[in-house]
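Close look at the chain arrangement
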Amino acid sequence: MTVTQFESKLTWSPLQVAEKAEAAIPLGYQTLDEEVHICEVNSDWLRAVGYQREEVIGRRFEGFLPAYEQDQDGVGLFARDNCCSASGGFA
């Protein structure tokens, strides 16, 4: 890779980065905000859960977990245990 090619990648928008990641990662993934709301999902994630993108964006992630993964308040155990990073990924 030349310096010019590398520098052009530094100017990718967040959408371009997400598109490149989706093409490179053949797994379902989501990004979450600090309050555990879904910010973005890829097509593999949508296919696995059977939803359309507009049905999930902005909803809390815990709503997509099976009951055994939630505590009595309906909050995902990973969120209660503080395992979710500020960037929305899993620690």
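Above this text is the structure in question.
Quick look at the structure, then. (Residues numbered from 1 in each chain as written. Predicted model: local features only at pLDDT ≥ 70, side-chain atom pairs only at ≥ 80, totals over all residues. Heavy atoms only, no water.)

Turning our eyes to something else, we now look at the packing of aromatic side chains. Tallied over the full model, the rule gives two aromatic pairs. Considering the side-chain rings of Trp45 and Phe64, the 5.5 Å spacing of their centres and the 70° angle between planes classify their relative orientation as edge-to-face. Pair noted here: Trp45 is in helix α3 (residues 43–49) and Phe64 is in the loop between α4 (53–56) and α5 (77–80), with a separation of 19 residues, a long-range link. Take Trp45 and Phe64: they sit in the same class, and that class is buried. Both rings, one in Tyr51 and one in Phe64, keep their centres 5.1 Å apart while their planes meet at 90°; by these two values the pair is edge-to-face. With Tyr51 in the loop between α3 and α4 and Phe64 in the loop between α4 and α5, this residue pair connects regions lying 13 residues apart in the sequence. Following the ring pairs from residue to residue traces out a cluster consisting of Trp45, Tyr51 and Phe64. (Phe/Tyr/Trp six-rings, centres within 6.5 Å; stacked < 30°, edge-to-face > 60°. Helix = DSSP H or I, 4+ residues; strand = E, 2+ residues; numbered from the N terminus. Buried < 20%, exposed > 50% of the residue type's maximum accessible area, 1.4 Å probe, protein only.)

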